[in-house]
Amino acid sequence: MAGLTPLQEALDLILADTEACAGDRAETEECSLSEALGRVLAETIHAAIAVPYDDNSAMDGYALRAADSGKTLPVSQRIAAGQAGSALAAGTAARIFTGAPVPAGADAVVMQENCELEGELLRLLKPVSPGENIRCQGQDIALGSEVMAAGRRLQAEDLGVLASIGLARVKVRRKLVVAILSTGDELVEPDGDTGGHPGGEPQLQSGQIYNSNRYTLQGLLIGLGYEVRDFGLVPDDAAATGTVLAEAASLADCVISTGGVSVGEEDHVKDQVEQLGTLKLWKLQIKPGKPLAYGRIGNAGFFGLPGNPAAVFVTFSLLVRPWLQRRQGATDNAPLMLAATADFSLERAGSRLEFMRARASMKQGRLCAELHPNQSSGVLSSVSWANALAVIPPGTIVAPGDMIEVMLLDQLIR
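This text gives an overview of the structure that appears in the document.

How each quantity is defined
Residues numbered from 1 in each chain as written. Predicted model: local features only at pLDDT ≥ 70, side-chain atom pairs only at ≥ 80, totals over all residues. Heavy atoms only, no water. Core = buried A, V, L, I, M, F, W, Y, C linked by side-chain atoms within 4.5 Å. Buried < 20%, exposed > 50% of the residue type's maximum accessible area, 1.4 Å probe, protein only. Helix = DSSP H or I, 4+ residues; strand = E, 2+ residues; numbered from the N terminus. Contact = heavy atoms within 4.5 Å. Pairing = 2+ DSSP bridges. Axes fitted to C-alpha atoms, helices over the stretch in contact; angles between N-to-C directions. Parallel < 35°, antiparallel > 145°, perpendicular 65-115°, else oblique. Left-handed = near helix turned anticlockwise from the far one by under 90°. Nonpolar A, V, L, I, M, F, W, Y, C, P; charged D, E, K, R; others polar.

Brief notes about the nonpolar core
Here is step 1: Counting 42 residues, the largest nonpolar core has Ile-256, Phe-303, Phe-316, Leu-319, Leu-324 and Phe-355 as the members making the most contacts within it.
Here is step 2: Examining the composition of this core, we find that ten residues originate from one element, helix α6 (residues 309–327), more than from any other.
Here is step 3: What Ile-256 contacts, discounting residues up to four positions off in sequence, is Val-178, Ala-179, Ile-180, Leu-181, Leu-217, Leu-221, Phe-303, Leu-305, Phe-316 and Val-320.

Brief notes about the pairing of strand β5 (residues 72–79)
Here is step 1: Where β5 meets strand β9 (residues 121–124), three bridges bridge the pair, whose relative direction is antiparallel. Bridging across to β9, Pro-74 finds its partner in Leu-121.
Here is step 2: As judged from the four bridges shared by β5 and strand β6 (residues 93–96), these two strands associate in the parallel manner. Of the residues in β6, the one forming a bridge with Val-75 is Ala-93.

With respect to the packing of helix α1 (residues 7–16) against α6
Here is step 1: The contact between α1 and α6 brings their axes to 10 Å, and the two run at 25°. Between α1 and α6, the crossing angle belongs to the class labelled roughly parallel. In the crossing of α1 with α6, the sense of the turn from one axis to the other is right-handed. Along the contact surface, α1 presents Leu-7, Ala-10, Leu-11, Ile-14 and Leu-15, while α6 presents Leu-318, Leu-319, Pro-322, Trp-323 and Arg-326.
Here is step 2: Residue classes in the contact of α1 with α6 are distributed as nine nonpolar, no polar and one charged.

Notes on the sheet that holds strand β13 (residues 177–183)
Sheets are built from strands that pair by backbone hydrogen bonding, the pairs being arranged parallel or antiparallel.
Here is step 1: Taken together, the six strands give an open sheet; going across it, the order is β16-β13-β17-β21-β20-β18, and neighbouring strands pair in mixed fashion. Taken across any chain shown, the strands that pair with only one partner, and hence form the sheet edges, are β16 (227–234) and β18 (278–282). Each strand axis lies, on average, 20° off the axis of its neighbour in the sheet, ignoring direction.
Here is step 2: Looking at chain direction, strand β17 (residues 254–258) and strand β21 (residues 300–305) are connected through five bridges and run parallel.

Structure follows, in C-alpha cells:
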C-alpha cells in the first residue's frame, strides 16, 4: 500500500538506529547471581573448572575394574558423596554412592541391584563394561570451554549453569530505563477519582475509557527486565505533550507513548516528536498497528504506539521488544514461525500483513490454530484469550485445513 512501510523494512530501520541512541551512562555493571535473572550478559563466560569436577558414580553400587567383573571381589572401601576414596587395588571393589568420585584404578560402576554381597565379598550377577555408570569429568562442561556468550538474557536454568562452574557474580548490561505515557482526554485510571472506586462498582462517565495500555506496557516491560518510568496520562494538548516527552526522553533510554500518533486534530504526539527530535518512521503495512511512529528525542528512542490495546500488544511484541533487546546488547531472539493447520476460514483477502489473535493446540498429532471471533484492534480480551498470533500475508484467503504460520505469544514476551 502506498505510504505504508512493510514490517521487515521497518524492523531493519529501527534496529540499525539503536547505536545512535546510546547515551553517556555506563553500559555495564556487576551483580550477584541471585540478582541476575533476566539480565543480559556483558561478557562471554568460560569454564574455570570442569563439570563434573571428577569422574563420579551415576548411581549407588560398586566401583571396580571391568576386567574383574567375573570374579568374587572383596569390598575394600566405602565412598560416599563428598568423600574421596583411595586408589582401588586390582581384584577388589569399592562400595560407592551416587555422585561420589570414582577411585583411581576403577573404570566401571555396577548398580547394586546387579550384584550380591556375601559378608564382605561381592559377586556380580551380570558382567559390566568399561565406563558403565560413570559420569566422566567434564561431560557436562569441559574445562576452558565457552559456557555462555555475551548478549544472552539469563533465564533460571542459566543461573544454575553459572553456579555449577563456581560463579557468584556476573558482569551484565545495565537495565534499560523505559518511559511510558498515555495520551487521550478520554482515558481514566481504574482507581482514579474520575474512574472506578476501589472495592466498589466501577463508574465511568459517557465517553471515558479505562487506561488498560498503561498496565499492559508495565507488565511487558517489567517481565522483560527493564526499569519503567511511568509518566501516566497526558492530556490532548500540544504544549503538555511536548513537555512530558522532553522530560521523559531526558531520563530514559526509550520513550513509549500510546495514542496520539494518528492524523486527528487532537493527536499531538507525532508533531511534538518532530519538533523535539526526529521522526524516522510512520505508518506500517500491518494489521493491527498501522499508525505506529518511530524516531529519536535526544539520545532516547521513541515509539508512538496506536491507542487501541490489541494493537499496542502486537506492535510492542513485533517492533519495540526487538529494539530494546538490540539496544541492551542482547542477542537477537526472533520468535519461531511454526506451521499450523487452520481451524478457521478467511474469505476476504487483506491488503496488509495481518497478525490475528489465535489459540494453537495439538489435535490428532497436528498443531492447529483457531481464531478469536473478534479481531478488532480494540478488543484486548482477544490477546488474553490467545496463545499465538496467526500470520496472514496480504492477499491471502484461508480455508479450513490450509497450512498457515503462527508465532507463540510466550516467545514474543520472554
